[in-house]
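Here are the chains, one letter per residue:
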Amino acid sequence: MAGNNSSGRSAIKESLNKELALKAARLGTWELHTATNTLNLDDCCRELLGLPDSDFVSFEDAISRIHPHEAPVIKEAIQNALDPIGSGIFEHSFRLTQSDKEPIRWVRFTGQAYFDKNGQTELFTGIVQDVTDQVLLIKKLQENEAKLASLIEQAPVATCLFEGKDMKIGLANNLMLDIWGKGSGAIGTPLSQAIPELSDQPFPDLLRQVYETCETYEGKGEAAVLERNGILGTYYFDFSYKPIRNATGDVYAVMDMAVDVTEQVLARRALEESEDRLRSVIATAPAAIGLFVGRDLVVDMPNQAFIDIVGKGGDIVGKPLREVMPELENQAFLQILDDVFTSGKMYQSFGIQVDIVQQGVMTNNFYNITYSPLFDADGKVYAILDIAIDVTEKIHEQQKIEKSRMELLALFEQSPVAIAMIRKEDLAFTMANPFYGDLVGRPAEKIIGKPLLEALPELDGQGFDGLLRNVIDTGIPFISQEQPVELLRNNELETIYVDLIYQAQKELDGSVSGILVIATDVTQQVLARKSIQEAEAALRGAVELADLGTWEIDLETKILTYSEKLKTWFGIGPDEIITVDRAYVPVRISDRELIKTSITHAITPGTDGMYDVEYTLEAAQTGKERIVRAQGKAFYNQHGKAYKLIGSAQDVTEIRKRQLALEQKVQERTEELATANEEMAAINEEYYAINEELSESNSLLIKSNENLQKFAYIASHDLQEPLRKIQAFSDLIMRRHAEALGDGIDHLQRIQLAGKRMSNLIKDLLSFSRISVQQDNDIPVSLTWVLKTVLTDLDLAIEESGAEVTSDPLPMIRGEESQLGQLFQNLISNAIKFRRKDLASKIHISAKMLTAIELPGKVLPTRVTSNYHCIEVTDNGVGFSEQYAERIFEVFQRLHANEKYEGTGIGLAICERVAANHGGAISASSQPGKGATFSIYFPA
């Protein structure tokens, strides 16, 4: 009994000792009964979990004490431990739930599940421990490591951490990885593996030294060979290796901070090399070069040329300039050098005289001098580089040239040609001879010294200042023949023409210093030539009006030249060479001998030299049968031999057909009315008279190219009178013999209509011929007033057509009011005539200013100026195809049948002539059904 008590007490004592040991270690015990799903917890365990004092606690109550984020994980771990095919081990740390006032608590459960032979859980028990302090400490360490990693990553310099003796790369920011030429994969690997090229370089040994000695190492500008992008290269760094200690004071890592100074090192080496080269250049340079060091200007590094100029021997190095060259005290150079040293600004002077005592003799030579400040690393001037070139001989040469130039200027003053000189900098006149003054309409002395556009303000916008600048910039002379210039002379702005030369004046060094202007007034020659050209144009116009073709035969080469109209008649291509044989091809065979006879007569010496023949062109060769009358004249050389035959040709097919038809009609009526009274006979005689008058009119029309005024007279009198008689006698026949004529009365009505159209045509031709002669009445005219007058005259037509005519303010130009009125009247009348039937007619007249550069490419005004008024007449009428935009200004050109729109096809030709008479031009743009715009350009 006693023994049993003793063993019981021993067991109790052992149990108490174990319980005390568990309490001392703050360990609790637990046991899970899977059958009842309850936990048996000791006091320590219940205290840690914050559960009530009870031997058994439900599994769910215990789980509720686990933080919700971790409860699912713990449940899964318990299930895994209770799986008989597993190890049965359960070991997890987790956070407990707590109120706002309770501190955070972490516990660690460790246990083991035991199973019977059937795989049923016999026992699942273990211990629990409070691990709050350990978890918080670990978190603190993790936070510190994260902060360190962040600091390294955000460091403004390349930074990394080498851990342990094998120097494993623990941390490295992007700057360090870029230096190594590696990616983030290098982190976590030893240095020797991550950057193998460093193995045979001193850096691994230095790192081990720092790790072992705990002493920081710093390097400046040290070279490292690194592989970047697969290429080995040498780079230079300022860096430091600093030991990092743990909580116990032991070194566990080395921090590397590095700055890439490759550029600085290479720049410093380049500077050193540059200084070496500078010393070499200075020593061998042909110019005198030396350094003045410090504010005392101590002489250093003088080359032999510098020593020779100073003229005091070679013992000048290390001495102040004032001591070496005392003769500079009374000159400006010492003060200039002091100013350069103070301001840091370079000083240059060209051809300056310096008084120097050389070998005991005072010299007065000329030099190009440059004082350049040299700066130290802090940006402060520490020395001045002096470069001097002896230009004494060059200065003497320039003085001779200047003397020659003055003599040349004297010759220019007396020259009979307009000559001036213009300065480069501000384009100011430095010289102008009297002839130049006469040319520009001002005394020469009043423009000298003034810039071009101040002396001659009317040249602004004419482009001459730009031409001068171009010659200055390029050195290439500007040469222009018959250059138009608008100048204010005798208080009037007039256009003159000059042969103009801008020649660059160059110095000895090739630089341009100014412009020589040479101008010759050729206004009279230009105006005379233009008069001839206008006369030729009028002649060509008369030829076109008369529907004539022109031709020329070179009797030596037997080559013929035909106008475009004549080529069309003869069926000859535009580029085809016309021989005598080719010219005969379309001519009716029976007429060829007549042509040869007429040519023989014209070129035979002693004859009148006139060629006049009428022949027929066959339709088989030309596409249309024509009767052509050709007239010409032979020209003879000094030996009396004909060398050229020139003339014109007229298509008289319709005239001959009308004559033949009229002759046949008269013959028929004569036979039918043989018994008619004397009045009818008189009518017949009148018809014959009409034929004679028409023949005479044709002859006069052929000669219209020689005298445009005669043509106007014929059109106004000789052609109108027969037409009036035709119309009068036709009326008389119709009134008195209507019944006897029968169906013939229709022919007489057609004669009357044709006579009316021809009368209108002659009136328009008369207007065109009169307006083709440019009027001398050149006065200021208000286009607004002209338009207002025209609209008043067209008031009835505008009202009947329902047209709406609007206008912007129009400018004042110089010209002839009646011609300008005729231009507006023709354009507005056309806009009304060619209106659309389905749309109310709208006509608008606007104005704008254009520069000469802005003019359309096909617009060629007859007078050149810098600016133009553009007057536009726009309508919304039927329009026309753009391909006819130029053709419509030709005489007799009509785009619509006469039955649809009446007219003679001369109105727009008159408009074109009015624009030309006023120095301008006219153009048109349109699309079918979208209206048209006529643009008139007048010089501003």
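Labelled according to an unreviewed UniProt entry, the protein chain appears under the name histidine kinase, originating from Dyadobacter psychrotolerans. The protein chain has a UniProt comment under Catalytic activity (unreviewed entry) that states "ATP + protein L-histidine = ADP + protein N-phospho-L-histidine."

What follows concerns the environment of Tyr937. Within the element layout of this structure, Tyr937 appears in strand S34 (residues 932-939). C-alpha separation for the pair Tyr937 and Gly919, spaced 18 residues apart in sequence, amounts to 8.5 Å. With residues near it in sequence (within four places) discarded, Tyr937 still touches Leu850, Leu855, Pro856, Val859, His869, Cys870, Gly920, Ala921 and Ser923.

Turning our eyes to something else, we now look at the pattern of salt bridges. Side-chain pairing between opposite charges can occur once the charged atoms of the two side chains come close. Applying the stated criterion across every chain, the model contains 26 salt bridges. Residue Asp130 pairs with Arg105 through a salt bridge whose shortest N-O separation is 3.8 Å. With Asp130 in strand S6 (residues 121-130) and Arg105 in the loop between strand S4 (89-95) and strand S5 (106-115), the pair connects residues that are 25 residues apart, well separated along the chain. Residue classification places Arg105 among the partly exposed positions, given a relative accessible area of 29%. Of the charged contacts in the structure, one is a salt bridge between Arg626 and Asp651, with a shortest N-O distance of 2.7 Å. Of the two residues, Arg626 sits in strand S26 (residues 626-636) while Asp651 sits in strand S27 (residues 642-651), which places them 25 residues apart along the sequence. Summarising the burial analysis for this pair, Arg626 and Asp651 share the class buried. Connected via shared salt-bridge partners are Asp43, Arg46 and Asp53.

By size, the foremost hydrophobic cluster in this structure holds 37 residues, and its most contacted members are Phe824, Ile845, Phe934 and Ile936. Looking at this core, the elements with two or more residues in it are helix H27 (783-793), helix H29 (817-833), strand S31 (842-851), strand S32 (867-875), helix H30 (907-917), strand S33 (921-926) and S34. A total of seven residues in this core trace back to one element, the largest contributor, which is H29. In contact with Phe824, other than residues within four places in its own chain, are Leu783, Val786, Leu787, Val790, Leu810, Ile845 and Ile871. One finds Val440, Ile447, Leu456 and Ile515 within the second-largest nonpolar core, a separate group that totals 31 residues.

Looking now at the sheet that holds strand S8 (residues 168-172). The strand order S8-S7-S11-S10-S9 describes an open sheet built from five strands, whose pairing is antiparallel. Two strands bound the open sheet, and with one partner strand each, they are S8 and strand S9 (217-228). Mean inter-strand twist for the sheet, computed between neighbouring axes without regard to direction, equals 35 degrees. Here nine bridges tie strand S10 (residues 231-245) to strand S11 (residues 251-260), and the two strands are oriented antiparallel to one another. Counterpart to Pro243 in the pairing with S11 is Val254. Docked against the sheet, helix H8 (residues 203-213) engages strand S7 (158-163), S9, S10 and S11, running at close to 5 degrees with respect to S10.

The next thing to look at is helix H4 (residues 71-81). Every buried residue belonging to H4 is among Ala71, Ile74, Ala77, Ile78 and Ala81, and all of these are buried. For H4, the buried positions fall inside an angular range of 125 degrees around the axis, keeping them on one side. Structural note: H4 exposes Pro72, Glu76 and Gln79 on the side pointing more than 90 degrees away from its buried face. In the core, the buried residues of H4 are packed alongside strand S1 (27-33), helix H3 (59-64), S4, S5 and S6.

Rules behind the numbers
Residues numbered from 1 in each chain as written. Predicted model: local features only at pLDDT ≥ 70, side-chain atom pairs only at ≥ 80, totals over all residues. Heavy atoms only, no water. UniProt positions renumbered as here; feature names shortened; annotations may be inferred. Helix = DSSP H or I, 4+ residues; strand = E, 2+ residues; numbered from the N terminus. Contact = heavy atoms within 4.5 Å. Salt bridge = Lys/Arg side-chain N within 4 Å of Asp/Glu carboxyl O. Buried < 20%, exposed > 50% of the residue type's maximum accessible area, 1.4 Å probe, protein only. Core = buried A, V, L, I, M, F, W, Y, C linked by side-chain atoms within 4.5 Å. Pairing = 2+ DSSP bridges. Axes fitted to C-alpha atoms, helices over the stretch in contact; angles between N-to-C directions. Arc of directions from axis to C-beta.

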